[in-house]
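# A closer look at the structure
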Amino acid sequence: PEELKIPEDVKLEVSKSESVTQREFSNLDDVIASTDVLYVTRIQKERFEDQSIYEAVKNSFIVDCKTLEKAKSKCSVMHPLPRVNEIAVEVDSDPRAAYFRQMENGLYVRMALIGLTLDVL
């Protein structure tokens, strides 16, 4: 949906880097088979001034086991958590679901940073 596209000013800024290639897709099926890492985020309700637009787009991209049937066997599915409904609970048991490991590793990194900041490490 148009409301979920990357803003033009962001695309312009990224285009200044010679080491980054941008490609924009509106259908996950068009790219899932070639994706190494699928980073999923929730559609943030609080960013919409008009809640009817949020309601219209909130289920635009949902990853479920059917979606992952088309993905590489080594594709990692990441998410910053918490999720709403953008990743079906059934995906949690798929070995490609990395978001709980991602969350645990983030915990240890934050612990180390706090320890370094407090000069206890």
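Notes on the structure in this doc start here.

## Regarding the packing of aromatic side chains
- According to the stated counting rule, one finds two aromatic pairs in the structure shown.
- Between the aromatic rings of Tyr99 and Phe100, the centroid separation amounts to 5.0 Å while the plane-to-plane angle is 65°, which identifies the pairing as edge-to-face.
- Here Tyr99 falls in the buried class, since its relative accessible area comes to 0%.

## Structural notes on the nonpolar core
- Membership of the largest hydrophobic core comes to 15 residues, with the highest contact counts inside it found for Leu38, Val63, Ile87 and Val91.
- Ile87 has contacts with Val40, Val63, Val77, His79 and Tyr99, leaving out every residue within four places of it along the chain.

## Considerations on the pattern of salt bridges
- Going through the model one piece at a time under the given rule, you end up with ten salt bridges.
- The closest approach of N and O atoms between Lys72 and Asp36, which form a salt bridge, is 2.6 Å. Within this pair, whereas Lys72 is found in the loop between helix H3 (65-68) and strand S2 (76-78), its partner Asp36 is found in the loop between helix H1 (8-15) and strand S1 (37-39), the two being separated by 36 residues in sequence.
- Of the charged contacts, one joins Glu55 and Lys58 as a salt bridge, the two residues approaching to 2.9 Å between their closest N and O atoms.
- In the salt-bridge network here, residues are joined through shared partners; they are Glu8, Lys11 and Glu24.

## Re helix H4 (residues 99-117)
- For H4, which comprises 19 residues, the first-to-last C-alpha distance of 26 Å matches the rise-based estimate of 27 Å (1.5 Å per residue) to within 8%.
- Within H4, burial applies to Tyr99, Gln102, Gly106 and Gly115.
- Looking at the buried side of H4, the elements it contacts are S1 and S2.
- Just downstream of H4 lies Asp119, where phi reads positive at about 60°.

How each quantity is defined
- Residues numbered from 1 in each chain as written.
- Predicted model: local features only at pLDDT ≥ 70, side-chain atom pairs only at ≥ 80, totals over all residues.
- Heavy atoms only, no water.
- Phe/Tyr/Trp six-rings, centres within 6.5 Å; stacked < 30°, edge-to-face > 60°.
- Buried < 20%, exposed > 50% of the residue type's maximum accessible area, 1.4 Å probe, protein only.
- Core = buried A, V, L, I, M, F, W, Y, C linked by side-chain atoms within 4.5 Å.
- Contact = heavy atoms within 4.5 Å.
- Salt bridge = Lys/Arg side-chain N within 4 Å of Asp/Glu carboxyl O.
- Helix = DSSP H or I, 4+ residues; strand = E, 2+ residues; numbered from the N terminus.
- Expected span 1.5 Å × (residues − 1).

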